[in-house]
Amino acid sequence: MDSRYTSTAGIGDLNQLSAAIPATRVEVSVSCRNLLDRDTFSKSDPICVLYVQGVGNKEWREFGRTEVIDNTLNPDFVRKFILDYFFEERENLRFDLYDVDSKSPNLSKHDFLGQVFCTLGEIVGSQGSRLEKPIVGIPGKKCGTIILTAEELNCCRDAVLMQFCANKLDKKDFFGKSDPFLVFYRSNEDGSFTICHKTEVVKNTLNPVWQAFKISVRALCNGDYDRTIKVEVYDWDRDGSHDFIGEFTTSYRELSRGQSQFNIYEVVNPKKKGKKKKYSNSGTVTLLSFLVETEVSFLDYIKGGTQINFTVAIDFTASNGNPAQPTSLHYMNPYQLNAYGMALKAVGEIVQDYDSDKMFPALGFGAKLPPDGRISHEFALNGNPQNPYCDGIEGVMEAYYRSLKSVQLYGPTNFAPVINHVA
């Protein structure tokens, strides 16, 4: 299994099952103020990269990256980092900031804007779980400030598909109509707000219809249906100085009523309201649809009785090298497993826990078979085409080593027959 997937819900749930490592999942939000300006003609386009330090070797490894926000020195990143928080461990974190200059994922191609070191406990333990620290790393320069906020995630796994439109928004552009987009924030215990979603920009209209978007209930309100959700409406500008049109507040509970008179909101600009006696609003925003989807985890499937059937097909083409030579992937080493044996064991020993009868079909392809030397792209490793099942991973390994002694590696590489066999 790819290590990237450890940040999804499944692994955390497994931890809670075994209760060996009681972890709390924490979502860390990143904002910066007064970043360095590295661009000549416009403002920096910042990204934040999080590194975590390994426990044993103390090596820093990349955990994830936020999105890039164009033309701003005061970014509030929408993409969050979800980390397992262990009260009893010191979890060292490093946040590196860059000004992105091209599409390259290679960080050395971008301008470094500074970094911040802290621990996850330091963020969680700050007042209101909000930590402000100066950004350092460029001698003689003030690099600005980072604001890190942590919130414990509850275990709500629902997601919502929502769509909004607006009517008669204020015209902000001198030559054309506004280019509106929405920004969603959830409220925090201390009265502050955390950004959780931005819609796309709809160009040149005062009556936009935005695309439907999907957001987890965790991100929107962390499972608290009555928590305030603030929505701001902006007119997009190329240079990043977007014009504020107005705002309104709602909650998950209100939104869940779906399309109705309750979900038509007046967009209000407080400054305008204070100045103009006759001001009513800067347009309205309407919820067009609201659909809840419960996201099921790997564990839910397993609890529901899902079985994983495991079939092995081994490549016996000559390109693997002569099994008598140490350079071959099929090398018959009397003292240790060869590459195929290691792969079989690594995958099989995990998968076999989810298969009730532990009987695994094992096939081979790309070899000449005894006694007549015919080429086969679908043969049973145990020599029984009617019943290619082997008993457990050990049985698969045995059949593999036995057939390796009797077949002749050949070709070409054609694995359509084994794919059809499994299908």
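Small disclaimer: the values here were computed from a predicted structure and weren't measured.

Draft legend 1. Up close: the overall build of the protein. If you tally the helices and strands in the protein, you get 9 helices and 23 strands. For 423 residues, the compact-globule formula gives about 22 Å, and the C-alpha radius of gyration of the protein, at 29 Å, lies well above that figure. Split into buried and exposed, the 423 residues of the protein put 46% on the buried side. Long-range contacts, defined as pairs at least 24 residues apart, comprise 64% of the intrachain contacts of the protein with a sequence gap of at least 6.

Draft legend 2. Expanded view of the sheet that holds strand β7 (residues 130–134). On the basis of which strands lie adjacent, the open sheet formed by 4 strands has the order β4-β1-β8-β7 and antiparallel pairing. Of all the strands in the sheet, just β4 (81–85) and β7 have a single pairing partner and so form its edges. Pairs of neighbouring strands in the sheet enclose a mean axial angle of 30°, with direction left out of account. Of the strand pairs in this sheet, strand β1 (residues 24–33) and β4 are connected by 5 bridges, and their pairing is antiparallel. Among the inter-strand pairings, R25 is bridged to a residue of β4, identified as D84.

Draft legend 3. Helix α8 (residues 392–406), seen in detail. Here α8 is 15 residues long and its end C-alpha atoms lie 22 Å apart, about the 21 Å a rise of 1.5 Å per residue gives. Looking at α8, one finds that the buried residues are G392, I393, G395, V396, M397, A399, Y400, S403 and L404. Each element contacted by the buried residues of α8 is listed here: β17 (312–315), α7 (339–351), β18 (359–365), β22 (389–391) and β23 (408–409).

Draft legend 4. Just the nonpolar core, in detail. If you look at the biggest cluster of nonpolar residues, it comprises 35 residues, and the most contacted ones within it are M162, F164, L182, F184, Y252, L255 and V285. Sort the elements by how many residues they give to this core and strand β10 (residues 180–187) lands first, with 5 residues. If near-sequence neighbours (up to four positions away) are discounted, V285 is found in contact with F164, C165, A166, L182, V233, F248, N263, I264, Y265 and V267. L35, I69, I138 and C143 belong to the second-largest nonpolar core, a separate cluster that totals 30 residues.

Draft legend 5. Local environment of the side chain of T205. Following the sequence through the fold, T205 ends up in the loop between β11 (193–198) and β12 (213–216). Ignoring any residue separated from it by four or fewer positions in sequence, one finds T205 in contact with K177, S178 and P180.

Draft legend 6. Up close: the layout of surface pockets. Quantified by volume, the second largest pocket comes out at close to 690 Å³. Looking at the second largest pocket, it is lined by 27 residues, and the ones nearest its centre are I69, T72, K198, G240 and H242. Mapped onto the lining of the second largest pocket, the elements with two or more residues apiece are β10 and β11. If one sorts the elements of the lining of the second largest pocket by residue count, β10 sits on top with 3 residues. Partitioning the lining of the second largest pocket into residue classes produces 12 nonpolar, 6 polar and 9 charged.

Draft legend 7. Representation of the sheet that holds strand β14 (residues 243–251) within the structure. Sheet architecture is open: 4 strands sit in the order β11-β10-β13-β14, paired in antiparallel fashion. Here the strands that pair on one side only, and so sit at the sheet edges, are β11 and β14. The average angle at which neighbouring strand axes cross in this sheet is 30°, direction not considered. Of the strand pairs in this sheet, strand β13 (residues 228–235) and β14 are connected by 8 bridges, and their pairing is antiparallel. From the neighbouring strand, K230 faces β14, where its bridge partner is T249.

Draft legend 8. Layout of the pairing of strand β16 (residues 284–294). Summarising the sheet, strand β9 (residues 158–167) and β16 pair through 10 bridges and their orientation is antiparallel. For Q163, the partnering residue across the bridge sits in β16 and is S289. One ladder, built from 3 bridges, connects strand β15 (residues 264–266) with β16; its direction is antiparallel. Across the sheet, E266 pairs through a bridge with T284, a residue of β16.

Draft legend 9. Here's a closer look at the confidence of the model for the protein. Here the protein averages 90 in pLDDT, and 94% of its residues register 70 or above. For the stretch residues 1–20, pLDDT sits under 50, and the model shows 15 contacts to residues farther than four places along the chain or on other chains.

How each quantity is defined
Residues numbered from 1 in each chain as written. Predicted model: local features only at pLDDT ≥ 70, side-chain atom pairs only at ≥ 80, totals over all residues. Heavy atoms only, no water. Helix = DSSP H or I, 4+ residues; strand = E, 2+ residues; numbered from the N terminus. Rg over C-alpha atoms; globule rule 2.2 N^0.38 Å. Buried < 20%, exposed > 50% of the residue type's maximum accessible area, 1.4 Å probe, protein only. Contact = heavy atoms within 4.5 Å. Pairing = 2+ DSSP bridges. Axes fitted to C-alpha atoms, helices over the stretch in contact; angles between N-to-C directions. Expected span 1.5 Å × (residues − 1). Core = buried A, V, L, I, M, F, W, Y, C linked by side-chain atoms within 4.5 Å. 1 Å grid on protein atoms, 1.4 Å probe; cavity = no way out; pocket = protein on both sides within 12 Å on 5 of 7 lines; lining within 4 Å. Points joined across faces, edges and corners; volume = space filled by probe spheres on them. Nonpolar A, V, L, I, M, F, W, Y, C, P; charged D, E, K, R; others polar. pLDDT = per-residue confidence, 0-100.

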